[in-house]
Amino acid sequence: MNWQYLSPTEVMNAREGMYSNVVLDKILAEQLSKINSFDYKGERYPFSTGSIQGAINALKNVPNEGLVQTNERVYDLLTLGKSFNETVQGDRKAYTIKYIDWEIPENNSFHVCEEFEVEGMQGKRRPDVVLFVNGIPFVIIENKRRDKNDSLNEAISQHLRNQKEKEGIPKLFYYAQLLLAVQPNEVKFGATGTPAKFWSIWKEENEREITKLLNKKVNHTKVEDRLITEQDKSIYALCLPNRLLDIVYKYIVFDGPDKKICRYQQFFAVQDTIARVKQHNKNGNREGGVIWHTTGSGKSLTMVMLSKALALETSIESPRVVIVTDRVSLDKQIYKTFVNCGKQVKKAKSGNDLVDLLKDKGNEIITTIIDKFEIATKRASFKDESQNIFVLVDESHRSQYGSAHANMKRIVPNASYIGFTGTPLMKSQKSTSKKFGGFIHKYTIDQAVKDGAVLSLLYEGRSAKLSINKKQIDKGFERLAEPLSEDARKDLKKKFARIGKIYESDHVIEEIAYDISKHFVKNWQGSGLKAQLAVPKIDTAIKYQKYFEAQTNEDLKINTRVVFTPPDSRQNNDDVWSESTSESRKYWEQLMQRYNNQEAYESHVIEKFKEKDNEIELIIVVSKLLTGFDAPRNTVLYLAKPLVAHNLLQAIARVNRLFEGKEHGHIIDYVGILGKLDEALTEYSALEDFDEEDLTNTVVDVKEEIRKLPVRHSEVWDIFKEVYNKNDLEALERHISEKDLRDEFYDRVSAFARVLQTALASDEFYAEFNTEQIGFYKSELKKFQSLRLSVQFRYAEKVSYKEYEPRVRKLLDTYIDAEHVELLTKDVNIFDKQKVEEALETYGKSPASKADFIAHQMKKVITENMEKDEAFYKKFSQLIEETIQSFQEGRLSEKEYLESIKNTRTDLANGYQKGIPENLQNRPRARAFFGALNEVLNKKLDKSVSKKRVADAGLGIENIVEGLIITDWKKNVDIQNKMENEIEDYLISKRTQLGIEISFDEIDAILIKCLRVAKNNF
């Protein structure tokens, strides 16, 4: 793959022997001289040594502005370069030094090293593999075994820990552009700052190229005859030098506080679009087409990346991008996304303004609402005939194919038109789309769900709950009692209007509102997840709002707000206020008095809805916020209005976004849009205009999820299949003493709990299972919950709130009479005998469980303090492990095991360890320096040399360090150098007193250990 391996020695040499230095200075200096020169009066000149060093210093001394912001500053330097003054023949001018040759990748150097050790605030960390471009760390890889449970999550977790200021090595991540968590069967990637939930997979067919590579003898490697793994495919796809540079240069954006790297569908959509627009039609204009990327999979960012790629495409002269939407809210959202990503964008305020913006060739990106084209056409004299204008039409299924498209064509007749849609095209639209070049790229609902880019949607029809349905509705959208004529059957608008009337009546509103109150409070309230209610009209919305406001029963109280389009705010659209009553207008006016204007009110509602607190838990909408509204914690969509086709698909996608602790989006349908979901989706009139294959995985019947319950239950017990008596709690607890097995148990219990929560929230559960079965599963969860708490106590584990996602905790509170998790959130001080005895009294069931508790609490203390005094704590760790092993192998009885562990705890608490001189008792810092000296010199210290002398040296080094400490000394290299020099002088002066020769290599080893001890103790 053209990466050159560097040995640890070569790496240390290139980074000037400093663990705190993450850039390979020598390689960078060499490469900057090689790839940079400047032109003066037709001749090329090399940059001066001073400028090259200045460029290195600028890159290495980027001020710390926080993890992602500093990474962005570095990214700007890497992509834009930095200017330096050069003097030639007495003439002084500024020229740019580039850090990477983006145009000719082969000019760069590509190096790889393993176990790249970096000094952090609390000691060193060693990422498994680091890839360097021109000596700059571009890629960090954490590599795990395939046979270890949860290994990929562990790799991601290591990446996240290493990015932390105190416990990590954030400096390395200031430079990193791509992060990989790999094991042979699975790979995920992210960028600096990417939360675990958003790490992605990469899919690409590249087996043929990899097979060729495996069969090649390169750099003394043997031919590999083996099957290709996912690890091979992902590393080849992402780390091939040319591909890596392409991704970093064109497909990374900083979206506000977040760094975002393309997902594979975004990369290939942009690549395919660039290839498409390079083709010309018979009129000489650039080709266009349609990109279908499922709503929620990052369509707006794909637009940003496409605009960036067009701007960087050297074969297109002065490209300009016009982004067209058909709604004010979408225009706002896309404008904001571009601005957040650092793009210079102009927003057309009117038709005339659009023309003026197009006239000014300096405006590279313009956003506009489609109606403004119509106004602009009235200024018939203006046309921009450039063939390098690219019109990106968002939600093109609604606007691109109508008269509005003709208006755009009049203003920019030779532009390339690229339509974006988040929902599949209808059959009728597919033929029309071919006129614009057909599909460029598809990323279907099915693909997005399988990739984990969006969540699957669980659908539950609840129309049967309404008493009105028994009288007036038959089945789904065919439930009206009066038979419809063939014409009426085809005229969906009429039919839906008639159904809509039913859902506007006070009786139905009250019934649905009451059911929502019960359902939301019981299953979602307090979980941090939110809901949306879609209703037919503004009058209806306000009636719902007033119902929720007037609710006096605290057990049914939900905090709701209503959001709708203000009167007369949309052009060329049905005025949603046309049928509203004076009462609704009065309600609206009261809101406006309180919030001054509609925008302030709406911004407040959306902001509060997106926050974790419960000030706004549910928003009631008519049409606004049913499209283009992105709130990841939005989880439940209650449908109380008929919706069809794109509107239905757009609405349900409001709840498909990824969010921590959110397993699915939930659609609760009171209208019966999809009936019982027991037929192909295209059999329902709401979706009959689509192709069935395009709707795969759009929604999943909640019954399918409920039916997984027995399987998830069996999977928990499968862990204990070797335990003969399943009622023997001691045997169960001992069986999962290994951490990997415990983690598997916790994961499976969580999976069972999540399915049970979904089941208990659905009426279908009570239809599918009888009361006895439901009671059984609830009692089983209680048993698992109790075992989990007991095991976490026994093995001194912190209660992980990842395991207690808000929904699972809600389940335990609402349906299961389970012990509170909070009981174990506080750590027990292992050295406080009284507290330990109290804890053991509460939880300890047997001598072995008590011994396990003390042993694992000690192990936790040892792990937390290991860096402070490695030699001291390592011995205790070994002693505890040996004692546990002796018990497990039957060499110690339960009573002896407990006694032995208690004795070890006493010694640990008193700082006593065999072999440590008395003068170090109660001097833990000096003891740590003694341990550092002892580890290096141990073999030379014979019986004739008293360890007391080494202990005295430990006390002496403690005094030296203490005398040099100043504020923020850990960031002060001069103080650290002085510390090392004084310790070195001290050791050399004490050689005679110690009675042994100390080599300079040994002194170096002692200095490294002593500096680490100092950093962790002072």
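Reading the values: the criteria
Residues numbered from 1 in each chain as written. Predicted model: local features only at pLDDT ≥ 70, side-chain atom pairs only at ≥ 80, totals over all residues. Heavy atoms only, no water. UniProt positions renumbered as here; feature names shortened; annotations may be inferred. Helix = DSSP H or I, 4+ residues; strand = E, 2+ residues; numbered from the N terminus. Buried < 20%, exposed > 50% of the residue type's maximum accessible area, 1.4 Å probe, protein only. Contact = heavy atoms within 4.5 Å. Areas by Shrake-Rupley, 256 points an atom, 1.4 Å probe, with all protein chains shown as cover. Expected span 1.5 Å × (residues − 1). Polar contact = N/O pair within 3.5 Å; in protein donor to acceptor, adjacent residues only side chain to side chain. Core = buried A, V, L, I, M, F, W, Y, C linked by side-chain atoms within 4.5 Å. Salt bridge = Lys/Arg side-chain N within 4 Å of Asp/Glu carboxyl O. Pairing = 2+ DSSP bridges. Axes fitted to C-alpha atoms, helices over the stretch in contact; angles between N-to-C directions.

- The chain is annotated in an unreviewed UniProt entry as Type I restriction enzyme endonuclease subunit from Psychroflexus lacisalsi.
- For the record of the chain, the UniProt heading Function (unreviewed entry) holds the text "Subunit R is required for both nuclease and ATPase activities, but not for modification."
- Per UniProt, the comment on the chain under Sequence similarities (unreviewed entry) is "Belongs to the HsdR family."

### Here's the deal with the overall build of the chain
- Looking only at helices and strands, the chain features 42 helices and 28 strands.
- By residue count, 55% of the 1018 residues in the chain fall in the buried class.
- Of the contacts formed within the chain by residues at least 6 apart in sequence, a portion of 71% connects residues at least 24 apart.
- Entry remark: accessible area of the chain is about 46300 Å², with carbon and sulfur atoms responsible for 47%.

### As for helix H25 (residues 598-610)
- If you check H25, its first and last C-alpha atoms are 18 Å apart, about what 13 residues at 1.5 Å a residue would give, namely 18 Å.
- One side-chain oxygen at the N-terminal end of H25 lies 2.7 Å from the backbone nitrogen of Ala-600; it belongs to Asn-597.

### So, the environment of Ser-737
- Note that Ser-737 resides in the loop between helix H29 (729-735) and helix H30 (739-760).
- Sequence-wise, Ser-737 and Arg-794 are 57 residues apart; in three dimensions their C-alpha atoms are separated by 9.2 Å.
- Every residue in contact with Ser-737, bar those within four places of it in the chain, is listed here: Arg-742, Tyr-795 and Gln-888.

### Here's the deal with the nonpolar core
- Judged by nonpolar contacts, the single largest core of 110 residues is most densely connected at Tyr-99, Phe-116, Phe-138, Leu-180 and Trp-202.
- Among all residues touching Leu-180, those that are not within four sequence positions of it are Val-139, Ile-140, Ile-141, Glu-142, His-159, Val-187, Lys-188, Phe-189, Trp-199, Leu-238 and Cys-239.

### Side note on the pattern of salt bridges
- In total, this model carries 32 salt bridges according to the counting rule given.
- Ionic pairing is found between Lys-203 and Asp-451, a salt bridge with its closest N-O pair at 2.6 Å. Note that Lys-203 is positioned in the loop between strand E12 (186-190) and helix H7 (207-214) and Asp-451 in helix H18 (residues 445-451), a separation of 248 residues in sequence.
- Note on Lys-203: relative accessible area 38%, which makes it partly exposed.
- Using a relative accessible area of 15% as the deciding quantity, one classes Asp-451 as buried.
- Its salt-bridge partner being Lys-608, residue Glu-611 comes within 3.4 Å of it at the nearest N-O pair.
- Among the residues examined, Lys-608 registers a relative accessible area of 18% and is labelled buried.
- Counted as one network, the salt bridges with shared partners bring together Glu-115, Glu-117 and Arg-126.

### Overview of the side chain of Ser-416
- In this fold, Ser-416 is placed in strand E20 (residues 416-421).
- Accessibility expressed as a relative area gives 0% for Ser-416, which makes it buried.
- A polar contact is formed between the side chain of Ser-416 and the backbone oxygen of Glu-287, at a distance of 2.8 Å.
- Setting aside residues no more than four positions away along its own chain, Ser-416 makes contact with Val-277, Arg-286, Glu-287, Gly-288, Ile-389, Phe-390 and Val-391.

### Notes on unusual backbone geometry
- The phi dihedral of Lys-41 is positive, around 50°, even though this residue is not glycine.
- Here Lys-41 is to be found in the loop between strand E2 (37-40) and strand E3 (43-46).
- Even without a glycine there, the phi angle at Glu-115 is positive, about 50°.
- With respect to the helices and strands, Glu-115 occurs in the loop between strand E6 (110-114) and strand E7 (118-120).
- Accessibility expressed as a relative area gives 42% for Glu-115, which makes it partly exposed.

### Here's the deal with helix H39 (residues 947-964)
- With 18 residues, H39 should cover 26 Å at 1.5 Å per step; its first-to-last C-alpha distance of 26 Å lies within 8% of that length.
- Here H39 has its buried residues at Val-950, Ala-951, Ala-953, Gly-954, Leu-955, Gly-956, Ile-957, Glu-958, Ile-960, Val-961 and Leu-964.

### Observations regarding the sheet that holds strand E22 (residues 457-461)
- What the seven strands build is an open sheet, ordered E24-E25-E23-E26-E27-E22-E28; its pairing is parallel. Taken across any chain shown, the strands that pair with only one partner, and hence form the sheet edges, are strand E24 (560-563) and strand E28 (700-701).
- Pairing between E22 and E28: two bridges, direction parallel. Looking at E28, one finds that Tyr-459 is bridged to Asp-701.
- Here helix H23 (residues 538-550) sits on the sheet and contacts strand E23 (530-534), E24 and strand E25 (618-621); the angle it forms with E24, its principal contact strand, is near 165°.
- Set on the sheet, H25 makes contact with E23, E24, E25 and strand E26 (634-639); between it and E24 the angle comes to about 135°.

### Side note on the pairing of strand E11 (residues 178-183)
- For E11, the buried fraction is high: six of the six residues fall into the buried class.
- What you see with E11 is no split at all: Leu-178, Leu-180 and Val-182 on one side and Leu-179, Ala-181 and Gln-183 on the other are buried throughout.
- For strand E10 (residues 136-143) and E11, the ladder comprises five bridges, and the chain directions are parallel. Paired with Val-139 across the bridge in E11 is Leu-178.

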